[in-house]
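For reference, the chains in residue letters:
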Amino acid sequence: MRVRDTPLSRVRWSHGTVAELFSGRDNSLGLLRLLLASAVVLSHARILGFGSREFGYSFASGQTDLGKMSVFGFFILSGILVTRSGNRLPIGRFLWHRALRLLPGLWVCLLVTAFAVAPFLYWRQHGGLAGFWNHGESPFDYLRANFAIRVHQWGISGVLDGAMHKGLAHNRSFDGALWSLEYEVLCYLGVALLVLAGARAGGVVRARRAILAVAAVLGWFVLTEALADPLTNATEIPMRDGMPDVPIVGGFVVNWVFYLGFAFVLGALIEAYKERIPVSDPLGVLAGLTLLASLHYGWFYVIGVPAFAYLLLWLAIRLPKPFRRVGAKHDYSYGIYIYGFVVEQAVAALGGARWGFGVYLALAAGGTLLAAVLSWHLVERPAMRLKDIDRARPAPPRHTDAAAGAPAAAAGHDLARAGTAVR
């Protein structure tokens, strides 16, 4: 019997595997990272400017909100790209690349916050800087306490405490968004262990059974929490004892190690098993519906986060070509993430919320984008140019061997393109 030709019958079950379709820069990762970072800023606007719950909290039945869900998205994408980076680089160069991507932007952000934003706000509050530099939480203390990734001091010279006393601000932290960076670094160190275990190119993917075992352990923890309460909110679970201190970074909250680690390892699994994962439009739609259902009815961390992982992957591959140009050359997402909280707090402390949410958000978003653009072009991008320092350059091909060397040169170009996708 002939199958009737309908739009549904023409839907392709699979366009190929992730290995075939997700490489190089021909994807929409730049757009997705930009949207996730902007969603964090949007979500924080309600709580920092107006003391309200963040967007999405009610729809998610108290399980999460738009900002924290976006952080999970970042960890998923980071799991894919950092695992890819670890799979192709030796341990020293892998750690060097990770440090260059994270630390210069962070350090300059801390300097700008401590020695530009905070003193300006203090001057506006007090008409001068008397008492600012020698305060118990001075800008020098802020820089010293936070330069090693983990935040040990949230305020600076009582600036935001004063703004809260006047009813202008609703949080005393200058840059609360930095809390997630220490957990990202912990995930990097986990990949670094796999790099050491592999000790050769492709070693991380060859250790995929270890990745699967880690995913099972982390997933079991998340599942047991959900069995006790399907509407669990990871941020509101009574804090368990902190893990032992890690040199430089410090201690971690066990809950966040498991929850964010689970999101990261889902991305790592996608990279490790990319030859077996289909890129399917029906699965992409199903993942989106599953995510929405889990947000509203429960089991977000058990069912929704894996669905979110596949949805992000599917979008990165299947969004139309015009979207793939966004962020392909200039990645402002990290700058938006680390500066958004600072700018929003500054706008709030200056009374920007009195004009309403729309004006407050416009001021905060504009200031954040400006800071992110400057951070990328003046700090992050120049730092990333150092990633291949001291690497031996290949000798130019001899003219007599030009024809024989052409395929090798093309292969090297393709490998270079594949590497540029790693954040």
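None of these values were measured; they are calculated from a predicted model. (Residues numbered from 1 in each chain as written. Predicted model: local features only at pLDDT ≥ 70, side-chain atom pairs only at ≥ 80, totals over all residues. Heavy atoms only, no water.)

**Here we look at the packing of aromatic side chains**
- Under the defined criterion, the tally for this structure stands at 19 aromatic pairs.
- Plain terms: the ring middles of phenylalanine 72 and tryptophan 256 are 6.3 Å apart, the flat faces sit at 50° to each other, and that makes the pair tilted. One end of the pair, phenylalanine 72, is in helix H3 (residues 66–88); the other, tryptophan 256, is in helix H10 (residues 254–272), with 184 residues separating them in the sequence. For the pair formed by phenylalanine 72 and tryptophan 256, the shared burial category is buried.
- When the centroid spacing of 5.7 Å and the interplanar angle of 55° are considered together, the rings of phenylalanine 72 and tyrosine 301 count as tilted. With a gap of 229 residues between them, phenylalanine 72 in helix H3 and tyrosine 301 in helix H12 (residues 300–318) connect regions that are remote in the sequence. Accessibility assignment for this pair places phenylalanine 72 and tyrosine 301 in one class, buried.
- Feature note: the residues Phe72, Trp179, Tyr183, Phe221, Trp256, Phe258, Tyr259, Phe300 and Tyr301 constitute an aromatic cluster, connected by ring pairs.
- Taking NZ or CZ as reference, arginine 46 lies 4.8 Å from the ring centre of phenylalanine 55, over its face. (Phe/Tyr/Trp six-rings, centres within 6.5 Å; stacked < 30°, edge-to-face > 60°. Helix = DSSP H or I, 4+ residues; strand = E, 2+ residues; numbered from the N terminus. Buried < 20%, exposed > 50% of the residue type's maximum accessible area, 1.4 Å probe, protein only. Lys NZ or Arg CZ within 6 Å of the ring centre and 35° of its normal.)

**What about the side chain of serine 138?**
- Among the secondary structure elements, serine 138 is positioned in the loop between helix H4 (91–126) and helix H5 (139–146).
- Polar contacts involving the side chain of serine 138 include one to the side chain of aspartate 141, which spans 3.0 Å.
- Apart from residues lying up to four places away in sequence, serine 138 is in contact with Phe132, Trp133, Gln153, Ile156 and Ser157. (Polar contact = N/O pair within 3.5 Å; in protein donor to acceptor, adjacent residues only side chain to side chain. Contact = heavy atoms within 4.5 Å.)

**Observations concerning the environment of tryptophan 13**
- Relative to the elements of secondary structure, tryptophan 13 occurs in the segment before helix H1 (18–21).
- The class of tryptophan 13 is exposed, set by a relative accessible area of 56%.
- Between the alpha carbons of tryptophan 13 and aspartate 281 there is a distance of 6.8 Å; along the sequence they are 268 residues apart.
- The residues touching tryptophan 13, leaving out its near neighbours within four places in the chain, are Val279, Ser280, Asp281, Pro282 and Leu283.

**Focus: the confidence of the model for the protein chain**
- Put simply, the protein chain has an average pLDDT of 85, and 84% of its residues get 70 or more.
- Within the protein chain, helix H16 (residues 402–419) has the poorest average pLDDT of any element, 37, and helix H14 (residues 333–349) the best, 97.
- pLDDT under 50 marks residues 1–11. Its contacts with residues more than four places away, or in other chains, come to 3 contacts.
- Low pLDDT (under 50) marks residues 399–423, which in the prediction has 25 contacts with non-local residues, meaning those over four places away or in another chain. (pLDDT = per-residue confidence, 0-100.)

**Looking at unusual backbone geometry**
- Even without being a glycine, isoleucine 149 presents a positive backbone phi close to 85°.
- Mapped onto the elements of the fold, isoleucine 149 is located in the loop between H5 and helix H6 (159–165).
- A relative accessible area of 11% places isoleucine 149 in the buried class.
- Its identity as a non-glycine residue notwithstanding, tryptophan 299 has a phi of 70°, on the positive side.
- With respect to the helices, strands and loops of the structure, tryptophan 299 is situated in the loop between helix H11 (281–297) and H12.
- Given a relative accessible area of 27%, tryptophan 299 falls into the partly exposed group.

**What about H5?**
- Those residues of H5 that fall on the buried side of the exposure criterion are Pro139, Tyr142 and Asn146. For H5, the arc enclosing every buried residue in end-on projection is 55°, short of the 170-degree limit, so these residues lie on one face.
- Looking at the buried side of H5, the elements it contacts are H4. (Arc of directions from axis to C-beta.)

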